[in-house]
Amino acid sequence: MYLPPHDPHVDDPMRFKPLFRIHLMERQSATVECMYGHKGPHNGHIQIVKKDEFSTKCNQTDHHRMPGGRQEEFRTWLREEWGRTLEDIFHEHMQELILMKFIYTSQYDNCLTYRRIYLPPSSPDDLIQPGLFKGTYGSHGLEIVMLSFHGKKAKGTKITGDPNIPAGQQTVEIDLAHPLQLPDIENLHDFSELSRIVLEVQEQVRREEQELEQWQKEEEHSQQAASQPASPLGGGEGAEGEETAAGAEGRTQDKVTASQPFVLPMGVISRNEDYPRSCRICFYGTGLIAGHGFTSPERTPGVFVLFDDDRFGFIWLELKSFSLYSRIKVSFQNAQAPSREAFDEMLKNIQSLAT
């Protein structure tokens, strides 16, 4: 299992923790051992469920128990997972979220199902190389997000989740057709000024979506009236979308090479104050928020901030919060998707599992 570094050290390397091991024996037989817990390897089981999916099961879960009971197990898990003790965490809400995560994850006792994920395919037109990133999520700690590009949109999909937003959900969506011009560094301190700029773009996006929807309805009506397909402008909606995206990206490529000063507005909370003080470009985007148990999910406006080839950020306008993301530089073998269609299908599948 690959674990993110301890919060909030987003630039630190990933941590590796063995969960199972397989001993190949004579006569093509093998034994499986569970590595979970603190009493050493013990009897386990691995089963291939179907293509690209397998399950693990511990046959001796008593080896996971500690003499001090659940309290000792929780304290040990806290040191390993968070690198701190409960006494170090003064925020009551954060204590509650951490306890929820412990209860949720420990109930499986290393009896888990694994499904293959692909790394996102890349294109020369992509803003940066797509891939996996570690991101700060306030009191939830560090989580893993997959950044992928889809025409004029970029998507950040959660690979690991939390009690509010589960893995598989699209945590952020970036609108590459709507770059944002940040105010100068003096005015950037003013949250209300940034909010005004973002909300104006949000309204512009809403109007454009309404116009597109109206155009599609009229086009559909005219096609039905003529009883034959009309030829949409630009060779179809899909082609038009791709062309718009390429145009938007082309217009922004020159801006990407230059950098501008960056500072978080007053009142915006960041777990990591060591974020870059200059950025290449910003875009309008939306972030997914929800209550515990993924209740009442909604997409809210925000700002995608590209710092360099390996780091980006997202300002959650409604939460007045900032997430900093840093690229995972672990090399995963045989993880490339066989096709764009296979990758898109995988994204749909992990999102349906989460919901």
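Residues numbered from 1 in each chain as written. Predicted model: local features only at pLDDT ≥ 70, side-chain atom pairs only at ≥ 80, totals over all residues. Heavy atoms only, no water.

- Going by the annotation in an unreviewed UniProt entry, the name recorded for the chain is FBX31 protein, with Erythrocercus mccallii given as the source organism.
- Per UniProt, the chain carries the Pathway (unreviewed entry) text "Protein modification; protein ubiquitination." (UniProt positions renumbered as here; feature names shortened; annotations may be inferred.)

### What to know about the sheet that holds strand E3 (residues 20–24)
Stage number 1. Taken in spatial order, the 5 strands of this open sheet run E3-E4-E5-E6-E7, and their pairing is antiparallel. Across the chains shown, the open sheet's two edge strands, defined by having one partner strand only, are E3 and strand E7 (112–115). Strand-to-strand twist in this sheet, taken as the mean axis angle between neighbours without regard to direction, amounts to 35°.
Stage number 2. Examined bridge by bridge, strand E5 (residues 42–50) and strand E6 (residues 53–58) share 6 bridges and lie antiparallel to one another. By the bridge assignment for E6, Ile-46 is matched with Thr-56. (Pairing = 2+ DSSP bridges. Helix = DSSP H or I, 4+ residues; strand = E, 2+ residues; numbered from the N terminus. Axes fitted to C-alpha atoms, helices over the stretch in contact; angles between N-to-C directions.)

### Let's talk about the packing of aromatic side chains
Stage number 1. The full count for this structure, using the stated rule, is 19 aromatic pairs.
Stage number 2. Both rings, one in Tyr-137 and one in Trp-316, keep their centres 6.3 Å apart while their planes meet at 65°; by these two values the pair is edge-to-face. Pair noted here: Tyr-137 is in the loop between strand E8 (131–136) and strand E9 (142–150) and Trp-316 is in strand E17 (residues 311–316), with a separation of 179 residues, a long-range link. The residues Tyr-137 and Trp-316 share a single accessibility class, namely buried.
Stage number 3. Between Phe-304 and Phe-312 the ring centres are 5.2 Å apart and the planes differ by 35°, which places this aromatic pair in the tilted class. (Phe/Tyr/Trp six-rings, centres within 6.5 Å; stacked < 30°, edge-to-face > 60°. Buried < 20%, exposed > 50% of the residue type's maximum accessible area, 1.4 Å probe, protein only.)

### Concerning the nonpolar core
Stage number 1. Counting residues in hydrophobic clusters, the biggest one holds 25 residues, and the most contacted among them are Leu-180, Phe-262, Val-303, Ile-315 and Phe-322.
Stage number 2. Looking at this core, the elements that each hand over two or more residues are helix H4 (191–226), strand E15 (281–291), strand E16 (295–308) and strand E18 (321–327).
Stage number 3. Ranked by residues supplied to this core, first place goes to H4 with 6 residues.
Stage number 4. Sequence-distant contacts of Phe-322, that is, excluding residues within four places in its chain, are made with Thr-136, Leu-264, Val-268, Ile-269, Ser-270, Tyr-275, Phe-307, Gly-313, Phe-314, Ile-315 and Trp-316.
Stage number 5. By size, the runner-up hydrophobic cluster in this structure holds 20 residues, among which are Val-145, Leu-147, Phe-149 and Ile-281. (Core = buried A, V, L, I, M, F, W, Y, C linked by side-chain atoms within 4.5 Å. Contact = heavy atoms within 4.5 Å.)

### Points about unusual backbone geometry
Stage number 1. Along the chain, Asp-7 connects to Pro-8 via a cis peptide bond; the corresponding omega equals 5°.
Stage number 2. Relative to the helices and strands, Pro-8 resides in the loop between strand E1 (2–3) and strand E2 (15–16).
Stage number 3. In this model, Asn-110 sits at a positive phi of 65°, which is unusual for a non-glycine residue.
Stage number 4. Inspection of the secondary structure assignment puts Asn-110 in the loop between helix H2 (92–106) and E7.
Stage number 5. The exposure class of Asn-110 is buried, given its relative accessible area of 3%.

### As for a nonpolar patch on the surface
Stage number 1. A cluster of nonpolar side chains, Tyr-2, Phe-16 and Phe-332, forms an exposed patch at the surface whose accessible area comes to about 330 Å².
Stage number 2. Along the chain, Phe-16 falls in strand E2. (Patch = residues over 30% accessible without salt bridge, like charges linked within 9 Å, V, L, I, M, F, W, Y side chains within 5 Å. Areas by Shrake-Rupley, 256 points an atom, 1.4 Å probe, with all protein chains shown as cover. Salt bridge = Lys/Arg side-chain N within 4 Å of Asp/Glu carboxyl O.)

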